[in-house]
Amino acid sequence: MDSQIVKQPPVSPAASIDDIIRKIQAYNPQASVDVLRRAYDVSAKAHEGQTRQSGEPYLFHPLAVAAILTDLKMDVPSIVAGLLHDTIEDTLVSRESIEQEFGPDVMRLVDGVTKIGKIRFKSYEEKQAENFRKMILSMAEDIRVILIKLADRLHNMRTLGALKEPKQQRIARETLEIYAPLANRLGIGWMKNELEDLCLRYLKPEAYNSLVAKVATQLAERERYVHSVIDTVKATMEQYGFTARVLGRPKHFYGIYSKMERREIAFEEVYDLIGIRIITDTKIACYGILGMIHSLWKPVPGRFKDYIGVPKSNLYQSLHTTVIGPQGEHVEFQIRTEEMNRVAEEGIAAHWRYKEHGQIDEKDSKLFSWLRQLVEWQQDLTDNRQFLNSIKMDLFSDVIYVFTPKGDVIELVKGSTPIDMAYAVHTEIGNRCTGAKINGKIAPLKSLLKSGDTVEIVTSPSQVPTKDWLKIAKTPKAKARIKHWINIEERKQSLEIGKRLLERELRRHHLSPAEVFKSEALVKIASDSGLSSSEDLLIALGYGRVSLNHVINRLLPEPALKEGLKDKLLTSIGRQGQGVTIKGVNDIMITLAKCCNPVPGDKILGFITRGRGLSIHAVDCPNIDELDYDRDRLVEVDWDVKQAATHPVKISVVTMDRPGMLAKTSAAITAAEANISHAEITTTDDKKAVFNFVVDVLDTAHLAKVFKQIERVEGVIQTRRTRRG
């Protein structure tokens, strides 16, 4: 129980500073022992008296993080930053004192890992997104930041049992969505596997415990089977003169669980619970051993992957194959060299180790193109949630590898189309993309690409992106670039629309457009409206964010006419506002969207249209996903109904196909004091009738009353509200 943990804290940490120093000196004999002990002393003093939720002294945590970093064979500044990583956030230690004591390199690492603690956020999700945005920027400057953060998260997951269940679930879900995929992208396989297993333990405890028990039951039998396969492989390699290490590789629990969920199979149907890894000396030997294995057992079609010829973006290289082994069981083999195995185990930590200040050079930055993309997205996507969702999608997605006509390899997410390929090559190629040749054959933009395809992008100078492309594009980069272009073009169009609208109205009032556009009056109106320039005011006019009457009202000199126009405007708004108030926006025309017909009681939001004011949509409107491409035009709104008014709502009623059902259903609607303004009747092959009504109701409570009356009619099967997309 948690209470027992709190009362009985361990008397010593899992790792001491002496343990950490010994581990560092084993792989780095030149490591500065003095600076490590000073960092330990500062951390111990800063965290003195602090405890964790488990009751442990808080110092145990930075020691554990430093120990994990030594497992990754990190450099001394990284270990020092691991010891100090919580001092700025949780103690009185300042950035200045860390820089003075340990230098700017350590200070930057600690600052990069430190969360944003002094900014007030509207929600946990926004805080999570902004913290992650900061971490991405720090990671781009120094890759060690994310390795320290991963070590921090791993120890937090190892000690998650001390927290209450809701917090366990939240942290585990965040880890599964962000940190485990990041460890995978960075090539640190053992860390990714441990994080996933720990997440499964807290998110699906029953499934996790069941798997642990089942694997333990079969483990001895499975190990005997694997040893027999290994003996066969070793004997055959000796016969052919291959030199290699052969070892069993148990699958982690989350991997087994995912396979069961993905394929909808029982545990007993998961054959490759333990795989086999072969580590040899040369790349040529890898392919030779692959051929030998395929000569021993029949390979399973579609289960061969050559990551040596086409490495993953995290530099992972290996040959993967699954064969039908002895007794008809599937056996998975991974074949790689010693150097490939080192990179596979340690990931990016192995790759940058001998480089200065954790920086990635130009050659390596091409291999880590996904890291550059993360930085690009944080610049393009100003909305925090959009940014975080894009990151999650990219980290989670399976990848495919396609080729340019010159043979260059492009990594894309599974489900990508030629549009994604075009934007991966260059933004301008994406903007001008009209089609593609896939393996030499003309293909439309919506074609799905698969690994191994050779793709040639066809462009035209007259082609421009359209909103329809957002439905086709799969990668966050392509979506961000399309939205960026559309936003710029819509800004240009809105400027022209706003200019034309104002010119026409100025002439109607006998004012000179040329003089007004040059005048300070327009700049003053823009400033009073919260806009930075007269151009922004014209754009706002074109979008419908600012009404034309508002601008003319400020420009006209006659007080009486001005008041008259204001009255006319307020009357217009009152008539068209439909009982909706807008947060942070005034003086704008409001209409209820016909695609979803919102009524008082529905959760709603507003979308600013060009030249047509504010369109009010229900939050579950089928068109919201398409409107979401430009979140700057979404406005928080709420109902403010001061007088009773009816609103049209579409409902669908499914009944048995019997005489008199339409009359009874209509009578029920009338009994609920609602008016039917439109009705359509269809019948189905299975002897059912479908009545589609447009009913005028006051609000959602009135609609519920209508549904209750209809459902009392004998023969009614289903009643639901419908929305047109």
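In the block above lies the structure referred to throughout.
Residues numbered from 1 in each chain as written. Predicted model: local features only at pLDDT ≥ 70, side-chain atom pairs only at ≥ 80, totals over all residues. Heavy atoms only, no water.

Asks: When you look at the overall build of the protein in this model, what are you seeing that I'm missing?
Replies: Broken down by element type, the protein carries 32 helices and 20 strands. The proportion of buried residues among the 725 residues of the protein is 49%. Residue pairs at least 24 apart in sequence account for 66% of intrachain contacts in the protein once pairs closer than 6 positions are excluded. In the form shown here, the protein has an accessible surface area of approximately 36300 Å², with 51% of it arising from carbon and sulfur atoms. (Helix = DSSP H or I, 4+ residues; strand = E, 2+ residues; numbered from the N terminus. Buried < 20%, exposed > 50% of the residue type's maximum accessible area, 1.4 Å probe, protein only. Contact = heavy atoms within 4.5 Å. Areas by Shrake-Rupley, 256 points an atom, 1.4 Å probe, with all protein chains shown as cover.)

Asks: What is the right way to read helix α5 (residues 76–84) from this model?
Replies: Along an α-helix, a turn takes 3.6 residues, which lines up residues three or four apart on a common side. Within α5, eight of the nine residues are buried, which leaves the element mostly enclosed by the surrounding structure. All of the buried residues along α5 are Val76, Ser78, Ile79, Val80, Ala81, Gly82, Leu83 and Leu84.

Asks: Sorry, what's going on with the pattern of salt bridges here?
Replies: Side chains that differ in charge, positive against negative, can pair when their charged atoms come close. According to the stated counting rule, one finds 21 salt bridges in the structure shown. Of the charged contacts in the structure, one is a salt bridge between Arg144 and Asp75, with a shortest N-O distance of 2.8 Å. Remark: Asp75 occurs in the loop between α4 (60–71) and α5 and Arg144 occurs in helix α10 (residues 144–158); sequence separation between them is 69 residues. For the pair Arg144 and Asp75, a shared accessibility class is recorded, and that class is buried. Here Asp536 makes a salt bridge to Arg491, at a shortest N to O gap of 2.7 Å. Here Arg491 lies in helix α24 (residues 476–508) and Asp536 lies in helix α27 (residues 534–543), a separation of 45 residues in the sequence. Given the relative accessible area of 37%, Arg491 is considered partly exposed. Three or more residues joined by partner-sharing salt bridges are found here, namely Asp75, Asp105, Arg108 and Arg144. (Salt bridge = Lys/Arg side-chain N within 4 Å of Asp/Glu carboxyl O.)

Asks: Please clarify how the environment of Val551 should be interpreted in this entry.
Replies: Within the element layout of this structure, Val551 appears in helix α28 (residues 548–555). Judged by relative accessible area, which is 0%, Val551 ranks as buried. Taking the C-alpha atoms as reference points, Val551 and Leu506, 45 residues apart in sequence, are found 10.0 Å from one another. For Val551, the contacting residues outside a window of four places in its chain are Leu502, Leu522, Ile525, Leu537, Leu541 and Val546.

Asks: Help me understand the packing of aromatic side chains, please; the structure alone is not making it clear to me.
Replies: We describe a pair of aromatic rings using the distance from one ring centre to the other and the angle between the two ring planes. Within this structure, the stated rule accounts for five aromatic pairs. Seen from their ring centres, Tyr208 and Phe253 are 5.6 Å apart, and the 80 degrees between their planes marks the pair as edge-to-face. Remark: Phe253 occurs in helix α14 (residues 253–263) and Tyr208 occurs in helix α13 (residues 205–240); sequence separation between them is 45 residues. Of the two residues examined, Tyr208 and Phe253, each falls in the buried class. (Phe/Tyr/Trp six-rings, centres within 6.5 Å; stacked < 30°, edge-to-face > 60°.)

Asks: What should I look at first to understand the sheet that holds strand β9 (residues 433–438) in this one?
Replies: Within a sheet, each strand pairs with its neighbour through backbone hydrogen bonds, oriented either parallel or antiparallel. Read across the sheet, three strands follow the order β10-β9-β11 without closing on themselves; strand pairing throughout is antiparallel. In the strand order of this sheet, the two ends are held by β10 (441–443) and β11 (455–459), each with one partner. For this sheet, the mean angle separating the axes of adjacent strands, direction not counted, is 35 degrees. Against the sheet, helix α21 (residues 418–425) touches β9 and β11, its axis set at about 85 degrees to β11. (Pairing = 2+ DSSP bridges. Axes fitted to C-alpha atoms, helices over the stretch in contact; angles between N-to-C directions.)

Asks: How do you make sense of the nonpolar core when you look at a structure like this?
Replies: Counting 72 residues, the largest nonpolar core has Val80, Met157 and Met191 as the members making the most contacts within it. The contacts of Met191, once residues within four sequence positions are left out, are Ile68, Leu72, Leu150, Leu154 and Ala183. (Core = buried A, V, L, I, M, F, W, Y, C linked by side-chain atoms within 4.5 Å.)

Asks: Which parts of the structure should I look at to understand α24?
Replies: Helix length check: α24, at 33 residues, gives a terminal C-alpha distance of 47 Å against a target of 48 Å (1.5 Å per residue), a fit within 8%. Immediately beyond the C-terminal end of α24, within one or two residues, lies His510, with a positive phi of roughly 60 degrees. (Expected span 1.5 Å × (residues − 1).)

Asks: Would you explain the sheet that holds strand β19 (residues 688–697) in this entry?
Replies: Here four strands make up an open sheet; going across it, the order is β18-β19-β17-β20 and the pairing antiparallel. Sheet topology places β18 (675–683) and β20 (716–721) at the edges, where each strand pairs with a single neighbour. Geometrically, the sheet is characterised by an average inter-axis angle of 20 degrees between neighbouring strands, direction not taken into account. Pairing analysis gives five bridges linking strand β17 (residues 647–656) to β20, with the strands arranged antiparallel. Bridging across to β20, Val653 finds its partner in Thr719. Against the sheet, helix α32 (residues 700–711) contacts β17, β19 and β20, and its axis sits at roughly 170 degrees relative to β20.

Asks: In this structure, what is going on with the pairing of strand β8 (residues 409–413)? I would like to understand it.
Replies: Regular strands place side chains that alternate from one sheet face to the opposite one. As judged from the five bridges shared by strand β7 (residues 399–403) and β8, these two strands associate in the antiparallel manner. Bridge pairing in β8 links Tyr401 to Glu411.

Asks: How should the packing of helix α7 (residues 95–102) against helix α8 (residues 104–113) be read in this particular structure?
Replies: Helix packing geometry: the angle between the two helix axes and the distance between the axes. Following both chains from N to C, one finds α7 and α8 inclined at 145 degrees, their axes separated by 7 Å at the closest point. Two secondary-structure elements touch here, α7 through Arg95, Ile98, Glu99 and Phe102 and α8 through Pro104, Val106, Met107, Val110 and Asp111. The residue inventory of the contact of α7 with α8, partitioned by class, reads six nonpolar, no polar and three charged. (Nonpolar A, V, L, I, M, F, W, Y, C, P; charged D, E, K, R; others polar.)

Asks: Which parts of the structure should I look at to understand a positive patch on the surface?
Replies: Among the surface-exposed residues, Arg262, Arg263, Lys305 and Lys414 lie close enough to one another that they form a single positively charged patch. Along the chain, the position of Arg262 falls in helix α14. (Patch = residues over 30% accessible without salt bridge, like charges linked within 9 Å, V, L, I, M, F, W, Y side chains within 5 Å. Lys, Arg positive; Asp, Glu negative; His and termini not counted. Charge placed at Lys NZ, Arg CZ, Asp CG, Glu CD.)

Asks: Any chance you could explain the side chain of His252 here in plain terms?
Replies: Mapped onto the secondary structure, His252 falls in the loop between β1 (244–250) and α14. What makes His252 buried here is its relative accessible area of 16%. Within the local environment of His252, its side chain forms a polar contact with the side chain of Asn193, the two groups lying 3.4 Å apart. (Polar contact = N/O pair within 3.5 Å; in protein donor to acceptor, adjacent residues only side chain to side chain.)

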